[in-house]
Amino acid sequence: MSGARLLHFSRSEVRVFPDPVALGLAVADEFARVANEAVAARGQCAVALAGGSTPKQAYSNLAAAGSSGARKLPWERIHVFFSDERCVPPAHPDSNLGMARLSLLDRVPIPPANIHSLHGGDPPEVAALKAEEDLRRFFHLGPGEFPRFDLVMLGLGSDGHTASLFPGTDALSEASRLVCANWVSKLNAHRLTFTFPTLNAASEILFTASGAEKAEMLREVLQPKTPAPPAARVSPKNGKLMWFVDETVASRLGEMP
Ligand code: 6PG
């Protein structure tokens, strides 16, 4: 990946890109690499998309390159899930599904049945149960088993949250649910989120972060003290953990011993 610096920390590989455009291109390339590899190996690919604003650039890049020409992806074999969702209907401006539709899914030939929402428009607990049922059915899960995604994409909040696993919320201690409805008092709202066991069962987790306001938190996540921020508790049991960031958010990493 042109122009990237590579840094290694205990559990994570960090690739630092010059700017958000280069970052977005690299994230799209990694998505395409994982998708093509999974489809070639197993005939299908399961990816969980991140919400928020950072991944939009990558999703747009995928839409531009991923639906035609040499970079055409096997969308009919790619299944898209979401690592978290706001408790709003898809048409709401805050919806992660709505954002992904606008920036990617409505622009590529992915079958509607391959888009697995977290049912943000339903009552939170009903949505969580529906999402878990979908995961159990798709991944053929037995009791106590967790889904092994080919790729889970995550973002980082300046408070150290990822997905909708916010500091001080109940979902942080959830050890058996696949997806839960998480009350986030700072937002005065429920959120739907993959739990740590679901995240940590993935084959590859790709964090994407940009913005100077997250630089201190990234430093903390990569070198956690106790209590560790939620994002520092993402650690795939049998998988790869990667960070794709730009120089603004990596600005504090140079000071690390
Ligand atoms: C969400 C996300 C959340 C996000 C971070 C970073 O639904 O908001 O899943 O975890 O990734 O808050 O958001 P930005 O990319 O907008 O900074």
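Right above here is the structure, for reference.
Now for a description of the structure that goes with this document. All residue numbers refer to positions counted from 1 along the written sequence of the respective chain. Totals for whole chains, interfaces and linings use every residue, but because this is a predicted model, local features are given only for residues with pLDDT of at least 70 and side-chain atom pairs only at 80 or more, for both listing and counting. In computing side-chain properties, one takes all heavy atoms of the structure into account and sets aside hydrogens as well as water.

With respect to the secondary-structure elements, Thr 169 resides in the loop between strand S6 (151-154) and strand S7 (179-184). Taking the C-alpha atoms as reference points, Thr 169 and Asp 246, separated by 77 residues in sequence, lie 29 Å from one another. Excluding residues that lie within four positions of it along the chain, Thr 169 makes contacts with Asn 182, Trp 183 and Val 184. Of the polar contacts made by the side chain of Thr 169, one reaches the backbone oxygen of Phe 166; its length is 2.6 Å. Strands are runs of DSSP state E lasting at least two residues, helices are runs of H or I lasting at least four, and both sets are numbered from the N terminus onward. Residue contacts follow a heavy-atom distance rule, with two residues in contact if any of their heavy atoms lie within 4.5 Å. What qualifies as a polar contact is a pair of N or O atoms within 3.5 Å, subject to a donor-acceptor requirement within protein and to the restriction that residues adjacent in sequence count only when both atoms come from side chains.

We now examine the pattern of salt bridges. The rule for a salt bridge is simple: a side-chain nitrogen of Lys or Arg has to be within 4 Å of a carboxyl oxygen of Asp or Glu. Under the counting rule described, the total for this entry stands at 16 salt bridges. In this structure, the salt-bridge partner of Glu 13 is Arg 15, at a minimum N-O distance of 2.8 Å. The cut-offs for exposure are 20% and 50% of the maximum accessible area for each residue type, with area from a 1.4 Å probe on protein chains only; residues under the lower value are buried, those over the upper are exposed, and the others partly exposed. Take Glu 13: its relative accessible area is 18%, and that puts it in the buried class. We classify Arg 15 as partly exposed; its relative accessible area is 21%. Salt bridges linked by common partners bring Glu 30, Arg 33, Glu 37, Glu 204 and Lys 240 together as one network.

Next up on the list: unusual backbone geometry. Negative phi values dominate among residues other than glycine, just as trans dominates among peptide bonds. In the segment running from Thr 226 into Pro 227, the intervening peptide bond is cis, with an omega of -5 degrees. In this model, His 119 sits at a positive phi of 60 degrees, which is unusual for a non-glycine residue.

Whether two strands pair comes down to DSSP finding at least two bridges between them. The strand order across the open sheet built from three strands is S5-S8-S7, with neighbouring strands paired in antiparallel fashion. On the outer flanks of this sheet lie strand S5 (84-86) and S7, each paired with one strand and no other. If you compare each strand with its neighbour and ignore which way they point, the axes differ by 25 degrees on average. Two strands pair when backbone bridges link them, and S7 and strand S8 (residues 189-194) are joined in this way by six bridges, in the antiparallel orientation. What sits directly across from Ala 181, in S8, is Leu 192. Every axis in this analysis is a line fitted to C-alpha atoms, fitted for helices over the stretch in contact. Angles between the N-to-C directions lie between 0 and 180 degrees. The strands touched by helix H4 (residues 124-139) are S7 and S8; relative to S7, the strand with the most contacts, the crossing angle is about 155 degrees.

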